[in-house]
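Observations on the three-dimensional arrangement
What follows is each chain in one-letter form.
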Amino acid sequence: MFILNNHNPVPLYKQLYNQIREHVLSGKLLPDTRLPSVRDLAAELSTSRNTVEGAYQELYAEGYIYSKPRSGYFVSALDQDAAPLSLSRNLKAHKQLPGPPAIFPFDFHPARLDPESFPTALWRKCYSDSLRQNSQQLVQYGDPQGDWGLRCSIQSYLERSRGVLCNPDQIVICSGLQQGLDVVAHLLKDHHSVVAVENPGYFLPRSVFSNHSYKIFSVPVRPGGLDLDCLKASNSTIVYVTPSHQLPLGYVMPVANRLKLIEWAEEGGNFIIEDDYDSELRYHGRPIPSLQGLRPQGNIIYSGTFSKILSPALRVSYLVLPSSLLAKYRQLYRDYFPTVSLLEQRTLAIFMEQGHWERHVRRMRIIYKNKHNALLCAIEHYFGSRAVVIGQGAGLHLVLQLPGSSLSAVEINERARPKGVRLFPFSDFYLSGGPESTTLLVGFGGMTATEIELGIKLLSQVCNCPDIV
Ligand SMILES: Cc1ncc(COP(=O)(O)O)c(C=O)c1O
């Protein structure tokens with residue numbers, strides 16, 4: 001319970017006195033608790049009885065402890081609130097502290113996954129296998145670039161399913177897009193200072209790059225992806241894009257525009273960051289092949305994640321770096337440690353090696369397709385011609401436009417919350433400007449088909465759309 005440090009200039013008896021006093025004041029030692037005898041505590045701390053006796057004498061003299069004849073020393077009853085030392089006691093007293101986040105029965109947040117879908121039993125088995133197989137490795141930090149076996153599994157999966165062509169030594173395991181972009185920002189900062197982002201687009205890249213002192217240039221998004229003329233007219237030398245499922249509008253960049261974007265990168269020595277975050281989830285036809293696969297030797301940094309299919313709580317994602325950045329990466333990150341637990345990485349590697357990952361992808365595609373269809377039906381039923389849906393057919397969200405609505409999206413959000421309906425603010429995706437009509441982002445991953453239907457019914461009431469029932 002107490003620790004004495006012989007190298008500390010504070011005398012040993014004083015160190016002990018300070019620690020017991022702190023325990024008494026913070027309530028960790030309750031009133032009337034009997035303290036260990038001088039002999040026992042001295043033996044436990046491998047110190048002299050004089051040290052313990054000295055500490056007890058001083059605590060006794062100041063009233064922190066009292067003594068009973070032939071029984072020893074006991075903790076005095078104090079008004080601890082008058083002299084609070086413990087932070088946790090203070091925190092409990094603060095009534096205005098925010099509690100845990102509210103739970104919404106109808107949560108349309110786009111990053112929610114199906115609550116029943118995590119393959120717990122399989123994961124547990126792979127975790128045990130990983131513990132059994134890797135006990136030698138668990139006494140080390142592991143490769144800062146990520147576990148080699150996991151990188152090999154990701155490489156062959158990406159080639160088969162996304163047309164990404166790379167070697168495992170181009171793959172860097174990261175703890176999410178945010179950390180991946182931190183790495184990219186570091187790698188490129190010597191020769192680049194302006195990053196183009198999609199508008200509307202994902203807010204995280206804007207934050208990460210501006211935290212690294214890059215200038216952010218926003219490029220409007222059209223149905224064919226980001227506006228290439230606007231990009232070319234800018235002085236940006238890096239662009240962040242979501243070409244296979246634009247966030248938030250859901251557009252797919254056609255191959256002609258992908259080739260033009262690659263040409264822009266090649267002509268100017270520029271870099272493309274391709275965020276391929278949820279391309280496994282395409283409900284009609286085959287997933288769109290990656291942009292990286294069109295020019296594997298080009299300056300394309302590919303980013304993928306396990307957050308959409310498996311779990312965002314795992315915090316595992318990856319970058320595929322172009323060969324041109326590998327030497328710089330190794331030079332900058334040589335002394336770093338891995339950011340993802342080696343145990344989790346090995347578990348995921350086993351999960352992939354044993355074929356569970358691809359089975360899980362197929363299963364999740366069916367589950368989310370059913371939810372997606374339930375959402376489209378509910379919108380059709382409760383909103384009818386009042387709503388225009390865009391970006392359907394993929395991912396975990398779609399966009400609902402309400403051209404005739406007298407309410408703004410903010411007003412709708414505010415009215416929906418007391419009814420247990422949570423929407424993600426669509427305005428967060430805009431760096432400048434905003435949509436022409438009232439627009440809502442509707443995620444469907446976290447709810448059952450029945451909840452989706454009920455949620456949309458409530459939303460239609462909020463939006464003043466009478467039920468058609
Ligand atoms: C566009 C986009 N990219 C990537 C991600 C995944 O990020 P991470 O791997 O950090 O969970 C998200 C998550 O919502 C996203 O919206």
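No experiment lies behind these values; they were computed from the predicted model shown.

Once that is clear, we can look at the site of the ligand. Surveying the vicinity of the ligand reveals the residues Gly176, Leu177, Tyr202, Tyr240, Leu247, Asp275, Tyr277, Thr305, Ser307, Lys308, Arg315 and Ser317. Separating an oxygen atom of the ligand from a backbone N or O atom of Leu177 is a distance of 2.8 Å. Lys308 places a side-chain nitrogen or oxygen 2.9 Å from an oxygen atom of the ligand. Contact with the protein chains hides 90% of the accessible area of the ligand, taken as 400 Å² for the molecule alone. The cavity where the ligand resides is the largest pocket. Residue composition of the shell around the ligand, by class: five nonpolar, four polar and three charged.

The eight strands are arranged β4-β11-β10-β9-β8-β5-β6-β7 in an open sheet whose pairing can be described as mixed. At either end of the open sheet lies a strand with only one pairing partner, and these are β4 (171–174) and β7 (225–226).

On to the layout of surface pockets, then. Roughly 520 Å³ of volume is contained in the largest pocket. Considering the residues around the largest pocket, the lining is formed by 27 residues, among which Ala111, Tyr202, Tyr277, Ser307 and Lys308 are closest to the centre. When residues of the lining of the largest pocket are traced back to their parent elements, those giving at least two are α7 (177–188), α8 (203–211) and β10 (300–305). When residues in the lining of the largest pocket are grouped by element, the largest group, three residues, is from β10.

Residue Pro200 is reached from Asn199 by a cis peptide bond, and omega for that bond is 5 degrees. Here Pro200 lies in the loop between β5 (194–199) and α8. The residue after Leu247, namely Pro248, is reached through a cis peptide bond having omega 10 degrees. Although it is not a glycine, Asp32 sits at a positive phi angle of roughly 70 degrees. On the accessibility criterion, Asp32 (48% relative accessible area) is partly exposed. Backbone geometry at Ser46 places phi at a positive 50 degrees, although glycine is not the residue there. Structurally, the position occupied by Ser46 is in the loop between α2 (38–44) and α3 (49–62). Owing to a relative accessible area of 70%, Ser46 belongs among the exposed residues under this scheme.

Our next topic: the domain arrangement of the protein. As assigned here, the protein comprises domain 1 (12–95), domain 2 (106–111 + 364–462) and domain 3 (120–354). The straight-line distance from the C-alpha centre of domain 2 to that of domain 3 is 28 Å. Listed as interface residues are 24 residues of domain 2 and, on the opposing side, 26 residues of domain 3. Summed over both sides, the interface of domain 2 with domain 3 buries roughly 2100 Å², with 63% coming from carbon and sulfur. The largest contributions to the domain 2 side of the interface with domain 3 come from Arg365, Phe429 and Leu431, which together make up 29% of the buried area. Seen at the junction of domain 2 and domain 3, the total is zero salt bridges. Among the secondary structure elements, those contributing two or more residues to the side of domain 2 that touches domain 3 are α13 (356–383) and β13 (397–402). Among the residues making up the side of domain 2 that touches domain 3, the classes are represented as 15 nonpolar, six polar and three charged.

Reading guide: rules and limits
Residues numbered from 1 in each chain as written. Predicted model: local features only at pLDDT ≥ 70, side-chain atom pairs only at ≥ 80, totals over all residues. Heavy atoms only, no water. Near = heavy atom within 4 Å. Polar contact = N/O pair within 3.5 Å; in protein donor to acceptor, adjacent residues only side chain to side chain. Areas by Shrake-Rupley, 256 points an atom, 1.4 Å probe, with all protein chains shown as cover. 1 Å grid on protein atoms, 1.4 Å probe; cavity = no way out; pocket = protein on both sides within 12 Å on 5 of 7 lines; lining within 4 Å. Sits in = over half its atoms within 2 Å of the grid points. Nonpolar A, V, L, I, M, F, W, Y, C, P; charged D, E, K, R; others polar. Pairing = 2+ DSSP bridges. Helix = DSSP H or I, 4+ residues; strand = E, 2+ residues; numbered from the N terminus. Points joined across faces, edges and corners; volume = space filled by probe spheres on them. Buried < 20%, exposed > 50% of the residue type's maximum accessible area, 1.4 Å probe, protein only. Domains from an automatic or database assignment. Contact = heavy atoms within 4.5 Å. Buried area = accessible area lost by both parts, 1.4 Å probe. Salt bridge = Lys/Arg side-chain N within 4 Å of Asp/Glu carboxyl O.

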